[in-house]
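# Notes for the structure review
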Amino acid sequence: MTSTHVTGGGRRRTRHTRARILEAARQELGRDPDSSLTDIAEAAGVVRRTVYDHFAGRPALIEGLAADAAEALRRALAGVAAPDPDAATAMARFVLALWPVGDRYRMLLRLAPQGLGAERANEILSPARDMATAIIERGQRQGVFRTGVPPAPLSRALERLLLALLECVNTGALNDDGTRTATAALIAVGADGRLAVARVQELGRTEPVSA
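Just so you know, these numbers come straight off a predicted model, no measurement behind them. (Residues numbered from 1 in each chain as written. Predicted model: local features only at pLDDT ≥ 70, side-chain atom pairs only at ≥ 80, totals over all residues. Heavy atoms only, no water.)

### Here's the deal with the overall build of the protein chain
Along its length, the protein chain carries ten helices and zero strands. For the protein chain, the sequential pattern of α-helices and β-strands runs α-α-α-α-α-α-α-α-α-α. In the protein chain, which comprises 211 residues, the proportion classed as buried is 43%. Pairs at least 24 apart in sequence give 69% of the contacts found in the protein chain among residues at least 6 apart. Working note: accessible area of the protein chain is about 11000 Å², and carbon and sulfur atoms make up 53% of it. (Helix = DSSP H or I, 4+ residues; strand = E, 2+ residues; numbered from the N terminus. Buried < 20%, exposed > 50% of the residue type's maximum accessible area, 1.4 Å probe, protein only. Contact = heavy atoms within 4.5 Å. Areas by Shrake-Rupley, 256 points an atom, 1.4 Å probe, with all protein chains shown as cover.)

### Details of helix H8 (residues 151–171)
An ideal rise of 1.5 Å per residue puts 30 Å on 21 residues; H8 measures up with 30 Å between its terminal C-alpha atoms. Listed in full, the buried residues belonging to H8 are Pro151, Leu154, Ser155, Leu158, Glu159, Leu162, Leu163, Leu165, Leu166, Val169 and Asn170. Looking at the residues trailing H8, positive phi occurs at Gly172, about 85°. (Expected span 1.5 Å × (residues − 1).)

### Observations concerning the nonpolar core
Within the largest apolar cluster, 55 residues are counted, with the highest numbers of intra-cluster contacts made by Met91, Phe94, Leu108 and Leu186. Broken down by element, the residue count for this core peaks at ten residues, all from helix H5 (residues 87–104). When neighbours within four sequence positions are excluded, Phe94 is seen to be in contact with Leu77, Ala128, Met131, Ala132 and Ile135. Leu163, Leu165, Leu166 and Val169 belong to the second-largest nonpolar core, a separate cluster that totals five residues. (Core = buried A, V, L, I, M, F, W, Y, C linked by side-chain atoms within 4.5 Å.)

### Some details on the pattern of salt bridges
Tallied over the entire structure, the rule returns 16 salt bridges. Across the pair Glu23 and Arg26 runs a salt bridge, and its minimum N-O distance is 2.7 Å. Placement of the pair is Glu23 and Arg26 together in helix H1 (residues 4–31), with a separation of three residues, close to one helical turn. A salt bridge links Glu159 to Arg156; the nearest nitrogen and oxygen atoms lie 3.9 Å apart. In this pair, Glu159 and Arg156 both sit in helix H8, three residues apart, roughly one turn of the helix. What emerges from the salt-bridge pattern is a single network uniting Glu23, Arg26 and Arg104. (Salt bridge = Lys/Arg side-chain N within 4 Å of Asp/Glu carboxyl O.)

### Comments concerning the packing of H5 against helix H7 (residues 118–142)
At a closest axis distance of 8 Å, the pairing of H5 and H7 adopts a crossing angle of 160°. Viewed along their axes, H5 and H7 adopt a mutual orientation that is roughly antiparallel. Every pair of crossing elements has a handedness; the one defined by H5 and H7 is left-handed. Counted together, Ala87, Ala90, Met91, Phe94 and Leu98 of H5 and Ala128, Met131, Ala132, Ile135, Ile136, Arg138, Gly139 and Gln142 of H7 form the full contact between these two elements. Among the residues making up the contact of H5 with H7, the classes are represented as ten nonpolar, two polar and one charged. (Axes fitted to C-alpha atoms, helices over the stretch in contact; angles between N-to-C directions. Parallel < 35°, antiparallel > 145°, perpendicular 65-115°, else oblique. Left-handed = near helix turned anticlockwise from the far one by under 90°. Nonpolar A, V, L, I, M, F, W, Y, C, P; charged D, E, K, R; others polar.)

### Observations regarding the environment of Asp68
By the element assignment, Asp68 lies in helix H4 (residues 58–79). A residue is classified by how much of its surface remains accessible, and Asp68, at 28% relative accessible area, is partly exposed. Along the sequence, Asp68 and Val101 sit 33 residues apart, while their C-alpha atoms lie 10.0 Å from each other.

### Overview of the environment of Ile187
Examined against the element boundaries, Ile187 turns out to sit in helix H9 (residues 179–188). Given a relative accessible area of 31%, Ile187 falls into the partly exposed group. Residues Ile187 and Val197, ten residues apart in the sequence, show an inter-C-alpha distance of 9.3 Å.

Pasting the structure below:
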């Protein structure tokens, strides 16, 4: 007879193996987007059959990474959900909170066209888009962000900037802990350069930033 303790241990081992495969996939696909399931299995320290036990194939594995990214994004957004009265501070906090998630899962930028599709990518990014739009709208009312472009389109433009900077990290053209990106994001939505630097620094980051 199988005890509950053993069954629970088996479930834990299964979850651990799945997580190890996903972590290996994240690293291998970040190194080479064309990495095979065999490459990923070897990096995870399992046989290829074990990968198939958890994921039906490459699309399912990429979806597993996307699901992890969506959950990490949800947690990051929850950490900045309480609106800051000052929109510039709120935007800096928003970008700084999301940057580690984007940096960790930036390999998905190269895999999304083939593995996820626009609909799934939109589903993952939608909560962040909504929050950014709300912050921009508040900043426009406060007179600290530009008003020539409505909040929703300006939010999408900001998203493209952030994704472009993450792709620069992919290519090695940029090395950032999020401070420069947060400053650039504030300037992009119309904040004064000195205000942008000050708001990022006020959030406790020690690495110098420049407008």
